[in-house]
Amino acid sequence: MKHILIILSVLMSISIAHAGTKVSGEKVFKKCVSCHSFTKNKIGPSLGDIFDKKAGSVKGFKYSKAMKNSDIVWNDCSLDKFLKKPKKYIKGTKMRFVGLKKESHRDALIKYLKENQVK
């Protein structure tokens, strides 16, 4: 019985430690702000109205042929794949960012992008 209580105690500490390490989408977005904004095109296109829109369709931004010719529509799944490895997901993209390895960071960023959509 004593061993079971010790194991349960260790498992609870691990769960609590992981719960405290949740990443903020706003913090992850700080990696993006040098090139992106929610309201205007910069080095990269505005991200304020991308969900359910065709990739390469933000007005006033000059996209790579690869992005314009893709049949991708931005949603949780397509953004996750793109943010993981942009150059692998859309070969020929101009985006220089290497990607976000951690799924939790991609999830947090996608949630943050959704919460800050400009309509």
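Residues numbered from 1 in each chain as written. Predicted model: local features only at pLDDT ≥ 70, side-chain atom pairs only at ≥ 80, totals over all residues. Heavy atoms only, no water.

### What about the packing of aromatic side chains?
Under the defined criterion, the tally for this structure stands at 5 aromatic pairs. Between the aromatic rings of Phe61 and Tyr63, the centroid separation amounts to 4.8 Å while the plane-to-plane angle is 70°, which identifies the pairing as edge-to-face. We note that Phe61, like Tyr63, is buried. Through successive ring pairs, a cluster of aromatic residues spans Phe29, Phe38 and Tyr112. (Phe/Tyr/Trp six-rings, centres within 6.5 Å; stacked < 30°, edge-to-face > 60°. Buried < 20%, exposed > 50% of the residue type's maximum accessible area, 1.4 Å probe, protein only.)

### Quick look at unusual backbone geometry
For residues besides glycine, phi is generally negative; the peptide bonds are generally trans as well. Here the phi dihedral of Asp52 falls at roughly 65°; this positive angle occurs in a residue that is not glycine. For Asp52, the location among the structural elements is in the loop between helix H2 (25-29) and helix H3 (65-68). (Helix = DSSP H or I, 4+ residues; strand = E, 2+ residues; numbered from the N terminus.)

### Some remarks on the pattern of salt bridges
This structure, assessed with the given rule, holds 4 salt bridges. Notably, a salt bridge pairs Asp49 with Lys53, separated by 2.9 Å at the nearest N-O pair. A salt bridge links Arg106 to Asp80; the nearest nitrogen and oxygen atoms lie 2.7 Å apart. Linking Arg106 in helix H6 (residues 103-115) with Asp80 in helix H4 (residues 76-84), this pair joins segments that are 26 residues apart in sequence. (Salt bridge = Lys/Arg side-chain N within 4 Å of Asp/Glu carboxyl O.)

So far we have only geometry, and geometry alone does not tell us how the molecule works.
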